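Summary of structural features
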Amino acid sequence: MGSLTVLEETSSGANSRKTLVNQVTVITGSTVGIGFTITRHLVQDGAHVVVSSQKQQNVGLVVAALKGVDLNVMGTVCHVGKGEDREQLVAMVLEHCRGVDFLVCVPGINPLTESTVGSSEQVWDKTHPQRAGPDACTLSLSPPSILDVNVKFSTLLRSQLLPHMQNRG
């Protein structure tokens, strides 16, 4: 993971928008790329953001970088494809934040080199090879499909968080 650009000046030269103060946002896949950009903008707007990613090192780097410029963030490892990770994420959010206002699901895979637009059903059923084991050389027996990662797992997490989101209004 390269260096993180934590603050980005707005066109007016200020980073003073705080429209999301007291709002809790959970973001999956939030330590690189689009997920990190969303994270950065939400914390700059005053939200308390819970970042998550499959890799502890990435979570640690993002949390440290954002806290280092006094932004309100915490994080945990969460592979959205693992039920126990989703449960741990929900439990942490409820314990430390007492609820959640927004969920942003960013994880996604596309093992193809071309667009999925117009792709056949067989392409959607293709699986994403997932490494397993300490040496990361063996493949898991049942790797998730594109729909599992991009839709199913995020929907399951949403189902776990939705009652808590409704309680906050």
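Residues numbered from 1 in each chain as written. Predicted model: local features only at pLDDT ≥ 70, side-chain atom pairs only at ≥ 80, totals over all residues. Heavy atoms only, no water.

1. Regarding the overall build of the protein
Summing up its helical and strand segments, the protein has 5 helices and 6 strands in all. Reading the secondary structure of the protein in the N-to-C direction produces β-α-β-α-β-α-β-α-β-β-α. Across the 169 residues of the protein, 36% fall into the buried class. Total accessible area on the protein is roughly 9600 Å²; 53% of this is exposed by carbon and sulfur atoms. (Helix = DSSP H or I, 4+ residues; strand = E, 2+ residues; numbered from the N terminus. Buried < 20%, exposed > 50% of the residue type's maximum accessible area, 1.4 Å probe, protein only. Areas by Shrake-Rupley, 256 points an atom, 1.4 Å probe, with all protein chains shown as cover.)

2. Quick look at helix α1 (residues 33-44)
When the terminal C-alpha atoms of α1 are compared, their 17 Å separation across 12 residues agrees well with the 16 Å that a helix rising 1.5 Å per residue should span. What α1 keeps buried is the set G35, F36, T39, R40, L42, V43 and Q44. Tucked into the core, α1 has its buried residues touching β1 (24-28), β2 (48-53), α2 (56-67) and β3 (73-77). (Expected span 1.5 Å × (residues − 1). Contact = heavy atoms within 4.5 Å.)

3. Observations regarding the confidence of the model for the protein
The share of residues in the protein with pLDDT of 70 or more is 76%, and the mean pLDDT across the chain is 82. Summarising per-element confidence for the protein, the mean pLDDT is lowest in strand β5 (residues 131-132) (46) and highest in β1 (97). Confidence drops under pLDDT 50 across residues 9-14; counting only partners more than four residues distant or on other chains, this segment forms 4 contacts. In this model, residues 131-136 is a region of pLDDT below 50 whose contacts with residues beyond four sequence positions or in other chains number 9 contacts. (pLDDT = per-residue confidence, 0-100.)

4. A look at α2
A rise of 1.5 Å per residue sets the reference length of α2, with its 12 residues, at 16 Å; its end C-alpha atoms lie 16 Å apart and thus fit the reference within 8%. The set of residues buried in α2 consists of N58, V59, V62, V63 and L66. Along the axis of α2, the buried positions cluster into a sector of 125°, meaning they face one direction only. Counted as exposed and oriented over 90 degrees from the buried face of α2: Q57 and A64. Against the buried residues of α2 lie α1, β2 and β3. (Arc of directions from axis to C-beta.)

5. Here's the deal with the sheet that holds strand β4 (residues 102-105)
The strand order across the open sheet built from 4 strands is β3-β2-β1-β4, with neighbouring strands paired in parallel fashion. In the strand order of this sheet, the two ends are held by β3 and β4, each with one partner. Mean inter-strand twist for the sheet, computed between neighbouring axes without regard to direction, equals 15°. Judged from the 4 bridges that link them, β1 and β4 form a sheet pairing that is parallel. Bridging across to β4, T28 finds its partner in C105. Across the face of the sheet, α2 comes into contact with β2 and β3 while running at roughly 175° to β3. Running at roughly 155° to β3, helix α3 (residues 83-97) makes contact with β1, β2 and β3 of the sheet. (Pairing = 2+ DSSP bridges. Axes fitted to C-alpha atoms, helices over the stretch in contact; angles between N-to-C directions.)

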